[in-house]
Structures are given as C-alpha cells and as structure tokens.
Amino acid sequence: MLDLSRLQALRAVQTFGTVTAAAGALHCTPSAISQHIAKLERETHATLVEKDGRRLRLTEAGRVLAEHAGRVLAAVEEAEAALAAHQETVSGRLSVASFPTACRGLLPHALRRLAADHPGLEPTLLETDREASFDGILRGLIDVALIDEWLEIPVTYPPGVANVELGLDVGDVMLPAAHPLARGLGPITLDELREERWIGAKPGTVCHEWLLRMLPGLQPSILVNEFETQLTFVAEGLGVAFMPRLARTALPAGVVARPVTPEAARRVSVAWRAAAGVRPAIGATVAALQDAWAHRASPTVPGLDLSEWDAIHVV
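All values derive from a computational prediction rather than experimental measurement.

(A) Highlighting unusual backbone geometry. In the segment running from threonine 261 into proline 262, the intervening peptide bond is cis, with an omega of 0°. Along the polypeptide, proline 262 turns up in the loop between β11 (255–261) and β12 (265–273). Of note in this structure, histidine 45 is not a glycine but carries a positive phi near 55°. Tracing the backbone through its elements, the reader meets histidine 45 in the loop between α3 (30–44) and β1 (49–52).

(B) Representation of the packing of helix α1 (residues 4–16) against helix α2 (residues 19–26). Contact geometry of α1 with α2 gives a least axis separation of 8 Å together with a crossing angle of 120°. Considering the angle they form, α1 stands oblique to α2. Two packed elements cross with a definite hand, and for α1 against α2 that hand is right-handed. Each of Gln8, Ala9, Ala12, Val13 and Phe16 in α1 lies in contact with α2, whose residues at this interface are Ala21, Ala22, Ala25 and Leu26. Here the residues of the contact of α1 with α2 sort into 8 nonpolar, 1 polar and no charged.

(C) Representation of the packing of aromatic side chains within the structure. On inspection of all chains with the given rule, the structure shows 3 aromatic pairs. Geometrically, the ring pair formed by tryptophan 150 and tryptophan 210 is edge-to-face, given 5.5 Å between the ring centres and 65° between the ring planes. One end of the pair, tryptophan 150, is in strand β5 (residues 144–150); the other, tryptophan 210, is in helix α9 (residues 206–214), with 60 residues separating them in the sequence. Of the two residues examined, tryptophan 150 and tryptophan 210, each falls in the buried class. Judged by centre distance (5.2 Å) and plane angle (75°), the ring pair of tryptophan 210 and phenylalanine 242 falls under edge-to-face.

(D) Structural context of the nonpolar core. Leu106, Leu146, Val270 and Trp272 are the most contacted members of the largest nonpolar core, which totals 27 residues. At 8 residues, helix α11 (residues 280–297) tops the list of elements feeding residues into this core. Excluding its chain neighbours within four sequence positions, the residues that come into contact with valine 270 are Val144, Ala145, Leu146, Ala162, Asn163, Val164, Leu166, Val286 and Leu289.

What counts as what
- Residues numbered from 1 in each chain as written.
- Predicted model: local features only at pLDDT ≥ 70, side-chain atom pairs only at ≥ 80, totals over all residues.
- Heavy atoms only, no water.
- Helix = DSSP H or I, 4+ residues; strand = E, 2+ residues; numbered from the N terminus.
- Axes fitted to C-alpha atoms, helices over the stretch in contact; angles between N-to-C directions.
- Parallel < 35°, antiparallel > 145°, perpendicular 65-115°, else oblique.
- Left-handed = near helix turned anticlockwise from the far one by under 90°.
- Contact = heavy atoms within 4.5 Å.
- Nonpolar A, V, L, I, M, F, W, Y, C, P; charged D, E, K, R; others polar.
- Phe/Tyr/Trp six-rings, centres within 6.5 Å; stacked < 30°, edge-to-face > 60°.
- Buried < 20%, exposed > 50% of the residue type's maximum accessible area, 1.4 Å probe, protein only.
- Core = buried A, V, L, I, M, F, W, Y, C linked by side-chain atoms within 4.5 Å.

Nothing here speaks to function; it is geometry throughout.
Shown next as structure tokens:
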C-alpha cells in the first residue's frame, strides 16, 4: 500500500514546483521530500519526477499518480474533518485570508469573537487578493478566505471550494461638506459626478477598477490608496472620492457621504475547502464572519449562529 506521506510529498512537488517550496508547505525539510519521492519511485517502479532547470517536473506516470493522490488526500481530509466534527472541538491552527477592506471592516470583530468563544483556536490572518486566496485554499495553505466579486462578473469558484455569501458591499461618494451635492437627500447620479475632480486609488487596485467601472475613462487627479488619506483631501475640498461601506469608520469633519445611482456594489463571500467543511473550526469562523457582517450592517442585529451553515454552496 502506498504511503500517504509520500503521496503528499509528490502532490506538493506538483503544486509548488520545487523541493524547497514543497518542504515549506508541508513544514518539513527538503531532504525529507527528496527521500519520500525516491522511496515512492522504488515502490512504484516508475520515474515520477525529472529536473527542469531549477524546478522539478512530473513525468506522465508522476502526473497520473499525483492526480489520484489528490483524491486520496481529499478523502483523508474529509475523514479527519468528520472526526473533528464528532469531537466538537474548536481548536488548533486556522489560517484566514482576506481582501484589504474586509480586513479592516470585518476581521477585527470576527477574530475578537473567536478569541472569546474559542480560546483554543489559533487563527492567523493574511491580507491578499482573490486569486491568491483561491490558490492558497487549493494548496492547503489557507483554511478560510473572504472573497469579493463584481455583480456583473460572477466569480467561478474552483472545484472543491465551498462558499457562502455574506452580502453586498455598497459604495458611496464622499463629498466636501461645502459641495452643492452634499446638501441633497436622495442618491446622486453618476452623470452628475463625471466632471468632478476625483481622488482615487492607484491603478491595479480593486477600488481603482471599481471607480473605472462606474465612470469609464475617468482619470483621478489624486492617486492615494489609503482611504483615511483620501478623506483628508476630500475634507480640504480638493476633490471627491468613492468608498465602499465596508472600509468606512466615522467620517471626519467636513466630509459627507452620499449614495449613488445606479447603486455600485460588490458581493462578499466566505470560501473554504469543501473537504474540510465539517471541521468545527471552519464552522465557527464562518459564523464569526457572519456575525461581524450583521454587526456592521446594524449593531442591533443579533449575531448569526451555525444554523446559517446550511446555506453553503459547494462547487
């Protein structure tokens, strides 16, 4: 019977491309990876890897075995998760990934709840983008990730990744208090804002892309990534800015937030490996994020409980 540790080493080499990277992912030494591969080749009487410059490339036999290994290891993870669920213990290490505005708007509340309710859990947080989050989930480096997506371009979740939607993150325009449009009550049309002097995030960021989706061809006069800094420019009357509500705290004096029409929003979801979904730590983290979302939407709304767990989507 093939050894699971050796199959895991082969799968890690396929995923990461080098012995050093595979060793880092599996928290062992490069020599241990090399020994696992060598033993696996002797057991299977096949050449499984070959050098490709500084990287390792799987042979055809290696790819066949690695694909089967992926299914075997997923089944083992499901078994481990089921056992953890049976024990009902929320403990151990758990890695969370998030896009920047959710790091600010959701994670402090969620992590505080986890610390209070489950002191045996050791969560870590990584700020990153959507593609890096998916990559980390598939590689087993990330357990839970917050994902954002444009409503008009839904995200295709990779096979084996489950998700549950938290809600819509709506954006508003930030105006100087003395601006004529700041005194209205209803939403401001995008056409009314097209000729304004805009303060925006740098190209290559989600918020810059969001602004250009709203107003194609727009060229912001001031490019600053930090929302707090953008608001200081708005407060001084130097322009207007667009900000998602998830990123907002109290507005400084001299700044007024107004909704826009058509409404600009993105969907925010939580994702995790489907094979690990029954782990109590995953369920507790999703519940904490749901509670953080509800708290942010309305401080009077009670936290959501694990009954929401039935609303997941598995690809």
